[in-house]
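Structure at a glance
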Amino acid sequence: VLEQTMAIREIAKQGMDPLAGPLRLGVIYTIGPYLLPALVSEGSRRGLSYNHMAELVSGNPARRFGLTRKGDIAPGFDADVLIYDPAATTRISASTHHMNLDHSAYEGFELSGGVRTVISRGETIVDGGKYLGAKGRGRYVRRGVSSPVH
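Residues numbered from 1 in each chain as written. Predicted model: local features only at pLDDT ≥ 70, side-chain atom pairs only at ≥ 80, totals over all residues. Heavy atoms only, no water.

**Some thoughts on the overall build of the protein**
Within the protein, the regular secondary structure consists of 3 helices and 4 strands. Scored against the burial criterion, the 150 residues of the protein give a buried share of 27%. Sequence separation of 24 or more characterises 52% of the internal contacts of the protein that already satisfy a separation of 6 or more. Accessible surface, the protein: about 10,400 Å² in total, of which carbon and sulfur atoms supply 57%. (Helix = DSSP H or I, 4+ residues; strand = E, 2+ residues; numbered from the N terminus. Buried < 20%, exposed > 50% of the residue type's maximum accessible area, 1.4 Å probe, protein only. Contact = heavy atoms within 4.5 Å. Areas by Shrake-Rupley, 256 points an atom, 1.4 Å probe, with all protein chains shown as cover.)

Spelled out as structure tokens, the structure:
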């Protein structure tokens, strides 16, 4: 992801849209529905617990970026909740991702598990693998001072 981020910045410096035309690999947009199945597939294979994996992708980044109300399910926190099915299989495909892109650099990869439902701010935005959220429902989250990562 870091390499792609650097490439996107370089492309943007040259006055081109890094997310248009043949430059679009879809990696950034592909991360959303596939990150968790990929993490659980590889994390389980390497002996990581679900709690440790959650800390890697939620708690640690929230602390690193000073998001004091994110990264945990606890009173006063703003958490999105998802229902994950470890018995499912997720196949990466341009025909099933939720982006304006007709290809995927990871087309055909199979991952163990899958996200079935996502609840954000009390609203079900993914159900049965289908995106139900409204365009533009995201909110800017002001960050604070970073904290040490465990």
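Continuing now.
**Some words on helix H3 (residues 50–64)**
For H3, which comprises 15 residues, the first-to-last C-alpha distance of 20 Å matches the rise-based estimate of 21 Å (1.5 Å per residue) to within 8%. The sharpest bend along H3 reaches about 40° and sits at Leu56. Within H3, the full set of buried residues consists of Met53, Gly59, Asn60 and Ala62. Of the residues trailing H3, Gly66 is marked for its positive phi of about 70°. (Expected span 1.5 Å × (residues − 1). Bend = angle between axes of the 7 residues up to and from the residue.)

**Details of unusual backbone geometry**
Of note, the phi angle at Arg121 is positive, near 50°, even though the residue is not glycine. Inspection of the secondary structure puts Arg121 in the loop between strand S2 (110–120) and strand S3 (123–127). The partly exposed category is assigned to Arg121, whose relative accessible area is 34%.

**Examining the pairing of S3**
Relative to S3, S2 runs antiparallel, the two sharing 4 bridges. Its bridge partner being in S3, Ile119 is matched across the sheet by Thr124. Between the antiparallel neighbours S2 and S3 lie 2 residues, among them Arg121 with a positive phi of about 50°. Bridge count for S3 against strand S4 (residues 130–131) is 2 bridges, and the pairing is antiparallel. Along S4, the bridge assignment pairs Asp127 with Lys130. Between the antiparallel neighbours S3 and S4 lie 2 residues, among them Gly128 with a positive phi of about 60°. (Pairing = 2+ DSSP bridges.)

**Observations regarding the nonpolar core**
Side chains of a nonpolar character, in soluble globular proteins, are inclined to be buried together. Core analysis: the largest hydrophobic core is formed by 8 residues, namely Leu39, Val40, Met53, Tyr84, Val115, Val118, Ile125 and Val126. Elements with a minimum of two residues in this core: helix H2 (27–45), S2 and S3. (Core = buried A, V, L, I, M, F, W, Y, C linked by side-chain atoms within 4.5 Å.)

**Observations regarding the sheet that holds S4**
What the 4 strands build is an open sheet, ordered S1-S2-S3-S4; its pairing is antiparallel. The open sheet has two free edges, formed respectively by strand S1 (81–91) and S4, since each of these has just one partner strand.

In short, geometric facts, not functional conclusions.
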